[in-house]
Amino acid sequence: MNINLQTPESLNETFLQTIAEQLPLTFDPAGYPIQLQAGTGIHIDATADQATITYGNLPQLFRALTLWQARAGATFTYQETPHFDKVGPMIDLSRNGVFTVAGMKEYITLAAKMGLNSFMLYMEDTYEIPEYPYFGHMRGRYSQQEMREMDDFADALGVELIPSIQTLGHLRTPLRWNFAIGMKDTHDILLVGEEKTYQFIEAMIRSVASCFRSRQIHIGMDEAHELGMGHYLGQHGLENRFDIMTKHLKRVVPLCEKYGMHAMMWSDMFFRIGTKSGDYYDPDIDFPQELIDNMPDVDMVYWDYYHHDEASYTTSFANHKKLQRPIIFAGGSWTWNGIAPNYGKAFTTTTAGLSAAKKQGIKEVYATMWGDDGQETPHIAALLSLQQFAEAQYTQDPSYELIAQRFELFNGQKADDFFLLDRFDQTPGVAKDNPGGSNVSKLALYEDLLFGIYDATLSNYPLTEWYQELAAELTKVSPTEMTAPLFTFYQQLAEVLAMKVGIGQRVWQAYQEQNQPELHQISLEIQQLIPTLEKLHHDHRTVWFQWYKPFGWEILQLRYGGLIQRAQQAVWRLNAYLAGEVDALPELEAPRLEFDGPWLLGDDTVGRNLFHGIYSASKLSDV
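Figured I'd write up the structure that's included with this text. Predicted model, so just to flag it, every value in this text is computed and none were measured.

Analysis parameters
Each residue is numbered by its place in its chain's sequence as written, counting from 1. The predicted origin of the model limits local features to residues at a pLDDT of at least 70 and limits the giving and counting of side-chain atom pairs to 80 or more, whereas totals for whole chains, interfaces and linings rest on all residues. Computation of side-chain values covers all heavy atoms of the structure but excludes hydrogens and water. Strands here mean DSSP runs of E at least two residues long; helices mean DSSP runs of H or I at least four residues long; both are numbered from the N terminus. Atoms considered for the radius of gyration are the C-alpha atoms alone. The globule rule reads 2.2 Å times the number of residues to the power 0.38. Burial status follows relative accessibility: with a 1.4 Å probe on protein chains alone, a residue under 20% of its type maximum counts as buried, one over 50% as exposed, and anything between as partly exposed. Each patch is built from residues that are more than 30% exposed by relative accessible area and take part in no salt bridge. Like charges join if they lie within 9 Å; nonpolar side chains (Val, Leu, Ile, Met, Phe, Trp, Tyr) join within 5 Å. Using a 1.4 Å probe, the Shrake-Rupley method yields the accessible areas, and only the shown protein chains count as cover for residues. Within this document, salt bridges are pairs made up of a side-chain nitrogen of Lys or Arg and a carboxyl oxygen of Asp or Glu, the two lying within 4 Å of each other. For a helix, the expected span equals 1.5 Å multiplied by the number of residues minus one. In the analysis that follows, any N or O atom pair within 3.5 Å is treated as a polar contact, provided that within protein one partner can donate a hydrogen and the other can accept it, and provided that, for residues neighboring in sequence, both atoms belong to side chains. Note on terminology: a nonpolar core comprises buried Ala, Val, Leu, Ile, Met, Phe, Trp, Tyr and Cys residues joined through side-chain atoms within 4.5 Å. Throughout, a contact is declared for two residues whenever any of their heavy atoms are within 4.5 Å. Each aromatic pair joins two rings of Phe, Tyr and Trp (for Trp, the six-membered one) with centres within 6.5 Å, and gets the label stacked for planes under 30 degrees apart, edge-to-face for over 60, and tilted for any other angle. Counted as over-ring charges are cases with an Arg CZ or a Lys NZ within 6 Å of the ring centre that also lie within 35 degrees of the ring normal. Lines fitted to C-alpha atoms define the axes here, with helix axes fitted over just the stretch in contact, and angles between the N-to-C directions of these axes take values from 0 to 180 degrees. Reported orientations rely on four angle classes, namely roughly parallel under 35 degrees, roughly antiparallel over 145, roughly perpendicular from 65 to 115, and oblique for the rest. Handedness of a helix crossing follows the sense of rotation of the near helix relative to the far helix, less than a right angle counterclockwise being left-handed and clockwise being right-handed. Between any two strands, at least two bridges found by DSSP are needed for them to pair. Assignment of crossover handedness uses the view with strands pointing away from the viewer, where a clockwise path from the first strand over the helix to the second indicates a right-handed crossover.

Now for the overall build of the protein. Within the protein, the secondary structure is distributed over 24 helices and 14 strands. Taking 25 Å as the expected radius of gyration for a compact globule of 623 residues, we find that the protein reaches 26 Å, a close match to that expectation. Considering only C-alpha atoms, the protein reaches an extent of 85 × 70 × 45 Å along its principal axes. Taking all 623 residues of the protein together, 59% fall into the buried category.

Structure follows, in structure tokens:
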């Protein structure tokens, strides 16, 4: 469609080119006139002959043009008032999946089009520190030039790109290098009070401060459970962890201020220290007044993607206010559940969390997209969750129907297509919205065909039929060009699971019964499974290289290689037994027990684990 944007202020070329490609639109002085006005929120007045759009920032203009285009030619008035000053995703770039610069620009564009104006990059060691060449070595780290390029692009779209780093814990990967000798408390926590530590942290802050326009910086400091219990304990003796945290903050925050940055941090450590249970969400919390008085100027980021009821968030917000610091809220898109997103839990927790945040007057919220255990779920799979955050920004209580309608408008695909991905783990045996975070598809994919740790557990449920039905549903999806590789991968995953999920228990049972024909049939089925695993590997690789740098893929490829080799091993072992070359298969004589640990299973949970706990009961590397 030809339009003539009439505005008293110039719009940058990158923004104009982006909206022209995305919507698509053609700019023509003789086209449909749209008068643009700076203001607050979104207001559209349109007739068949002209329109006036008022907007508060460029993402709001991007969103407004998308909304207008859907009704172009009609006479209407429409208005949206944002609830938060800043809202957007927090992308985990530290669990092996590091976006290419082009991939990051694409994701920023998707967020800006929805009207999201903030974007946080979680980088433990995936950014360049010139003084420390081993920091992020072979991890796909961003060079300073790449960070500036991404920031330039985000700024052109009106999106604030905020660096999120770690200045205390979660540093196991970079601290393995010898440059860290002398500044480690434990294997993943920096040594508080050591001057070498603060030289390192200053170099961190100096690097990102020079690359991003944002004057906000997230300094992490979460989940440092063993703080003061390693080398610090040997040097200083047993010390109150409140005091250790405060001591460290008083060194780190001034370093941020030195480079013109205002710090925010995850709040959980203060809560874990201040409760008898050590539970972040324990409502019985007591903060010493001395801590409050001595805490430097730092904002508290309350992260919670677990509770399904609004009251729990309201209680936690009230407890955060006791710290007398600005509060930022981080919900979750549940991209870390396993191989597919847990949309049921993401939608339920986000609805409750953002509703409470609005009532508590919180002005900055983020949708965390963690990638625990190797970024098995591509970030793009969480696109529907991002739409939920966008609609919560511009609507008081958005229904799923509204979110689905907007998702199709903004992304060109049905929301229900994406919600199909929830069914990989929302299986029989799992309560509605998967409150326990069962990752059944991950268990079924990674468990061994002959050493099946989860055989007895998974055999309680009709999973073969479940995944057959899901595979059939996924064949009906009409993806966009961008999402086609994603849905090809997930359709193949469903096919593999339908073939694989029952084999382990069947082969064990057939061996107990000495059912030779059944063992022979299973051997043939495993041979048919092998090429489907190979295709799954190829399909997943296509999605990875669509979005991410090559670094980190080798970990998932190692897992696929193991699955394929173990399938070949199973055929070799079964055929040797059937041919009388071996008298017994000890791996099939071992009893099948229902899985017990590390998470307690309830009536609403089938099971949850990481790769190393599914694949084998033997020790896998150093985990």
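A cluster of nonpolar side chains, contributed by M229, L233 and L238, occupies part of the molecular surface with about 310 Å² of accessible area. Of the residues examined, L238 reaches a relative accessible area of 72% and is grouped as exposed.

Looking now at helix 7 (residues 241–258). Spanning 18 residues, helix 7 covers 26 Å between terminal C-alpha atoms, matching the ideal 26 Å at 1.5 Å per step. Among the residues of helix 7, those classed as buried are F242, I244, M245, T246, H248, L249, V252, V253, L255 and C256. You can read the cap of helix 7 off the contacts: a side-chain oxygen lies 2.7 Å from the backbone nitrogen of F242, and it is on N240. Looking one or two residues past helix 7, G260 carries a phi angle of roughly 75 degrees, positive in sign.

Counting 222 residues, the largest nonpolar core has W68 and F424 as its most contacted members. Excluding residues that lie within four positions of it along the chain, W68 makes contacts with M1, I3, L25, Y32, I34, I44, A46, A51, I53 and F76.

Examined against the element boundaries, K86 turns out to sit in strand 7 (residues 86–92). At 2.4 Å, the side chain of K86 forms a polar contact with the side chain of Q216. The contact partners of K86, leaving out residues within four places of it in the chain, are N117, S118, E160, Q216, K363, E364, V365 and Y366.

Our focus in this paragraph is the packing of aromatic side chains. What the rule picks out here adds up to 49 aromatic pairs. A centroid spacing of 6.0 Å and a plane angle of 85 degrees characterise the contact between F99 and W547, whose relative ring orientation is edge-to-face. In this pair, F99 sits in the loop between strand 7 and helix 3 (101–114) while W547 sits in helix 21 (residues 516–547), placing the two residues 448 residues apart along the sequence. Overall, the relative accessible area of 3% leaves W547 in the buried class. Centroid distance F242 to F270: 6.5 Å. Interplanar angle 15 degrees. Geometry classified as stacked. Note that F242 is positioned in helix 7 and F270 in helix 8 (residues 268–274), a separation of 28 residues in sequence. Judged by relative accessible area, F242 falls into the buried class, the value being 8%. On the basis of relative accessibility, which here comes to 0%, the residue F270 falls in the buried class. Above the face of the W466 ring, R423 is positioned so that its terminal group lies 5.5 Å from the ring centre. The ring of F451 has R566 sitting right over it, with the charged end atom 4.7 Å from the ring centre.

What follows covers the pattern of salt bridges. Between side chains of opposite charge, a pair can form when the charged atoms approach closely. Throughout the structure, instances matching the rule amount to 33 salt bridges. Here the residues in one salt-bridge network are R63, E80, E391 and R406, joined through shared partners.

Here the focus is the environment of D151. Along the chain, the position of D151 falls in helix 4 (residues 144–156). When neighbours within four sequence positions are excluded, D151 is seen to be in contact with L161, C211, F212 and R213.

Okay, the packing of helix 3 against helix 4 next. Contact geometry for helix 3 and helix 4: axes closest at 10 Å, N-to-C directions at 25 degrees. Judged on the interaxial angle alone, helix 4 and helix 3 are roughly parallel. By crossing handedness, the relation of helix 3 to helix 4 is classed as right-handed. Between helix 3 and helix 4, the residues in contact are V101, M104, K105, I108 and T109 and E146, E149, M150, F153 and A154, respectively.

Here the focus is the environment of S438. Within the secondary structure, S438 sits in the loop between helix 15 (415–419) and helix 16 (440–446). Along the chain, S438 and D425 lie 13 residues apart, while their C-alpha atoms are 6.3 Å from each other. Excluding its chain neighbours within four sequence positions, the residues that come into contact with S438 are N337, D425, V430, T605, V606 and G607.

Turning our attention to the pairing of strand 8 (residues 118–122). Every other side chain in a regular strand lies on the same face of the sheet, so the side chains alternate between the two faces. Within strand 8, five of the five residues are buried, which leaves the element mostly enclosed by the surrounding structure. Of the two faces of strand 8, both are covered, the one formed by S118, M120 and Y122 as well as the one formed by F119 and L121. Sheet topology places strand 7 next to strand 8; three bridges connect them, and they run parallel. Across the sheet, the residue bridging to I91 is L121, located in strand 8. Both strand 8 and strand 9 (residues 160–164) contribute to a ladder of five bridges, which runs parallel. The partner of M120 across the bridge, within strand 9, is I162. Each parallel crossover has a hand, and the one from strand 8 via helix 4 to strand 9 is right-handed.

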